[in-house]
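One letter stands for each residue in the lines below.
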Amino acid sequence: MTGTDTPAGVAPVAQGLTAAEVAERTARGQVNTVARGSSRTAADIVRANVFTFFNLIVGSLFVIMLIVGPIQDALFGLVAVANTAIGIVQELRAKKSLDELALVGRPRVAVVRDGRRQEIEPEGVVLDDVVALSSGTQLVVDGTVIEAEALEVDESLLTGESDPVAKQPGDPVMSGSFAVAGNGAFRVTAVGEDAYAATLARQASTFTLVRSQVREDINRVLRLVTWAIIPIATLLAITQLLDSESTADAISGTVAGIIAMIPEGLVLLTSVAFAVGVVQLGRQGCLVQELAAVEGLARVDVVCADKTGTLTEDRMDVVELVPLGDHTAADATPALAALAAADREPNTSMKAIGAAYADAPGWTVTATAAFSSARKWSGVSFGDDGNWVLGAPEMLVDDGDDDAARTLAEAGQRADEGLRVLLLGRGAGPVDAPGGPKPVDATALVVLAQAIRPDSASTLAYFREQGVTVKVISGDDPRTVGAIARRLGLDQADHPIDARDLPDPSPDFTATIVSNSVFGRVSPQQKREMVGALQSEGRTVAMTGDGVNDVLALKDADIGVAMGSGSDATRSVAQLVLLDNEFAVLPKVVAEGRKVIGNIERVAKLFLTKTVYGALMAVAVGIARLPFPFLPRHLTLVTALTIGMPAFVLALAPNRDLVAPNMVGRVLRFSIPAGVIAATCSFGSYLAARIDTSSDLARDRTTATIALFIVGLGALVAVARPLVPWKVGLVGAMVAGFVLVLAVPQLREFFALELGASRDMWATAAISGAGAAAVIVIGARTIPTRSR
């Protein structure tokens with residue numbers, strides 16, 4: 001960097017700040033300290049798991065039962081405490097993993113200090129620091145430009161305007177924007193909370209357990225349950241107080257009825273399933289910056305994949321130099337070496353050229369034009385040694401000229417083979433002239449080869465099998481893109497579309513995007529418009545990319561997926577970052593999302609079945625003016641064996657169910673009939689036992705408990721389908737647990753179960769329970785599981 005006049009007390013650009021000046025500003029608090037939002041704090045996690053409406057009810061009832069009843073009837077409170085503790089531990093584990101991954105995935109800042117360029121964490125930037133800029137750099141602080149070489153900055157994340165803004169020395173730059181072309185440097189004028197968009201980068205990488213469709217569906221159901229509990233609990237409490245033999249019995253019956261209606265573990269298991277899913281993806285090298293992305297990608301039906309860095313490796317090699325016209329390779333190689341040497345922030349293509357032509361001639365740079373995805377060329381003026389440009393052939397030669405036609409034919413032939421072709425030419429004027437350096441004397445074609453990622457074909461095949469449409473959208477020659485797509489077996493790869501021929505956004509534009517799969521020469525704005533066109537057709541769109549030309553589309557897509565090696569700006573706007581740059585991780589993300597959604601749906605069916613039969617039993621008891629058929633300990637036993645423990649296992653189990661809309665509808669279509677059947681069977685068994693004058697209340701409640709367990713077991717079997725061996729083992733373990741309680745006198749006494757002499761009645765309850773369970777299992781077969 002060259003020195004410039006600077007304010008008193010501020011180091012010149014060549015040196016930046018000294019270590020002493022950095023320490024002084026740090027001591028004054030003039031440092032970029034902004035609270036990071038990579039995950040919720042530990043306190044937030046504890047509060048979210050402890051201070052819930054249902055925990056308030058369960059906690060209050062727990063205290064009441066400790067006062068009026070035996071400890072066995074307060075077991076439900078200990079179970080709730082254990083569930084809450086499990087939720088906190090799982091989410092804290094997720095937080096730890098995410099915080100560690102966020103440190104890897106977040107951008108670093110290049111500053112000049114003591115005359116040396118060094119990369120530091122964003123929090124280390126201080127006031128008056130000199131920050132270096134290059135294409136793809138995200139600005140994390142505000143400042144004033146002090147150096148600019150064809151520098152262009154995209155401020156769309158701040159202003160909504162997608163056109164890059166050219167920056168000159170003295171112009172302001174703001175945090176939240178990012179460089180898209182050229183190089184430069186700026187002096188920091190505002191840090192931390194004083195920066196214009198200090199919260200933008202933090203919000204872009206916020207991990208959250210809310211704002212997902214699944215959780216919104218669950219919360220909608222819980223609101224309905226809450227409103228239903230209040231009048232039913234009131235009815236039950238009044239009738240129990242009026243008809244029970246003692247106040248303690250009335251309180252026990254009322255507490256049991258209310259506990260039966262509360263789906264206390266549903267929210268917990270939803271959070272646990274999400275948290276465990278995020279940790280699993282973290283182990284696969286995928287940073288989930290917004291939790292909804294896990295389930296969001298599972299709902300995606302269109303994946304728009306950038307070619308370079310996504311389907312192909314981020315590395316190229318020069319494989320051929322084709323002189324044009326009367327030119328020779330000797331005319332081209334010095335210019336290529338000079339261009340590579342002059343590029344301070346080379347892209348993948350320029351790195352390959354620099355490696356192939358390393359003997360720079362030492363020409364003096366007089367003007368530069370940085371590469372831009374919009375114009376698709378870059379150039380350098382070297383005074384008397386010429387104005388040299390390098391870029392897409394069709395963007396640099398004049399149409400209609402015979403030489404141009406031959407040049408484009410040569411380029412097209414190689415592009416058809418899947419090779420990238422760049423034109424080296426000598427311009428008539430300076431490269432930074434308003435109209436560019438045209439006319440251009442075509443000197444040579446530079447042919448580069450890019451290796452396809454070994455896992456790209458299998459990843460595309462996976463999406464095809466899952467009914468997900470893949471569209472390849474690239475800035476490269478459409479023939480090159482089409483050739484690579486054909487090698488990967490992508491549908492419609494034989495008909496690549498040149499995006500320059502696309503109409504402006506319109507119904508015709510949308511129809512073309514929907515009906516084709518391969519697009520080349522796509523500008524950054526067109527990528528954004530393509531995403532919007534697909535969304536207008538009701539499609540859920542994921543966009544993958546690694547360069548600044550992908551940022552606008554990533555930001556607008558339903559799910560943005562960035563490569564870990566991509567630009568700072570790309571990673572900041574994406575919901576998912578593939579830290580190892582492995583495109584093959586996406587199927588694992590889809591599978592994890594489907595597992596989370598499918599398993600939450602399963603456990604929701606179990607918990608809401610309990611809520612339905614609990615509410616119906618409470619109403620029936622209130623109308624019949626009978627003691628409640630269960631003590632709290634009975635429901636603790638049945639719930640633990642038919643819902644609590646199985647649901648925890650099912651929530652974390654493998655699940656390849658396809659994601660379908662209207663989860664609430666499917667849950668209720670199962671839970672309401674199953675709850676009605678459970679309530680009818682257990683209450684009917686209870687009434688039948690009450691009619692038997694030789695029985696007593698304890699035995700009557702045992703009869704109802706046996707019937708409810710068997711019906712609950714049927715609901716578990718129905719929800720757990722298909723019954724693979726480990727699920728059969730799970731159901732068998734729950735049966736064994738209940739039989740153990742009945743067989744061991746001490747356990748039977750602990751749970752207030754009395755077999756006595758009325759074995760015929762309990763046999764009848766078991767048979768009726770089995771019949772009701774069979775009805776649930778058979779009826780559930782009419783509700784598709786969507787399993788694959």
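The structure contained in this document is the topic of the report that follows. (Residues numbered from 1 in each chain as written. Predicted model: local features only at pLDDT ≥ 70, side-chain atom pairs only at ≥ 80, totals over all residues. Heavy atoms only, no water.)

### Remarks on the packing of helix 8 (residues 247–261) against helix 22 (residues 585–624)
Reasoning step 1: Where helix 8 contacts helix 22, the two axes come as close as 6 Å, and the packing angle between them is 145°. Counting all contacts with helix 8, which are made through G257, I259, A260 and M261, the residues of helix 22 involved are K610, T611, G614 and A615.
Reasoning step 2: Per-class residue counts for the contact of helix 8 with helix 22 are four nonpolar, three polar and one charged. (Axes fitted to C-alpha atoms, helices over the stretch in contact; angles between N-to-C directions. Helix = DSSP H or I, 4+ residues; strand = E, 2+ residues; numbered from the N terminus. Contact = heavy atoms within 4.5 Å. Nonpolar A, V, L, I, M, F, W, Y, C, P; charged D, E, K, R; others polar.)

### Re helix 18 (residues 507–515)
Reasoning step 1: Taken together, the buried positions of helix 18 are F509, T510 and I513. Take helix 18 and look down its axis: the buried residues cluster within an arc of 95°, on one side only. Facing away from the buried surface of helix 18 by more than 90 degrees, the exposed residues are P507 and D508.
Reasoning step 2: Looking at the buried side of helix 18, the elements it contacts are strand 16 (469–473), strand 18 (518–520) and helix 19 (524–536). (Buried < 20%, exposed > 50% of the residue type's maximum accessible area, 1.4 Å probe, protein only. Arc of directions from axis to C-beta.)

### Observations concerning the sheet that holds strand 13 (residues 387–391)
Reasoning step 1: Pairing within the open sheet is antiparallel, and its six strands lie in the order 10-15-14-13-12-11. Either end of the sheet is taken by a strand with one partner, and the two such strands are strand 10 (312–323) and strand 11 (367–369). When strand polarity is set aside, the average angle formed by the axes of neighbouring strands in this sheet is 20°.
Reasoning step 2: For strand 12 (residues 377–381) and strand 13, the ladder comprises five bridges, and the chain directions are antiparallel. Each bridged residue has a counterpart across the sheet, and for V380 the counterpart in strand 13 is W388. (Pairing = 2+ DSSP bridges.)

### A short note on the packing of helix 9 (residues 266–283) against helix 22
Reasoning step 1: For the pair helix 9 and helix 22, interaxial distance at closest approach is 10 Å and the crossing angle is 165°. What the angle tells us is that helix 9 and helix 22 run roughly antiparallel. Seen along the crossing, helix 9 lies across helix 22 with a hand that is right-handed. The segment helix 9 lies against helix 22, with L266, L269, T270, A273, F274, G277, Q280 and L281 engaging K588, V589, E592, V596, I600, V603, A604 and F607. (Parallel < 35°, antiparallel > 145°, perpendicular 65-115°, else oblique. Left-handed = near helix turned anticlockwise from the far one by under 90°.)

### Focus: the sheet that holds strand 18
Strand pairing in a sheet relies on backbone hydrogen bonds, with the paired strands running either antiparallel or parallel.
Reasoning step 1: Spatially, the eight strands line up as an open sheet ordered 8-21-20-19-9-16-18-17, and their pairing is mixed. The open sheet has two free edges, formed respectively by strand 8 (286–288) and strand 17 (497–498), since each of these has just one partner strand.
Reasoning step 2: Sheet topology note: the strand 9 (residues 302–305)/strand 19 (residues 541–545) ladder contains four bridges and is parallel. Within strand 19, the position partnered with V302 by the bridge is V541.
Reasoning step 3: Where helix 17 (residues 478–487) meets the sheet, it contacts strand 16, strand 17 and strand 18, and its direction lies at approximately 150° from that of strand 18.

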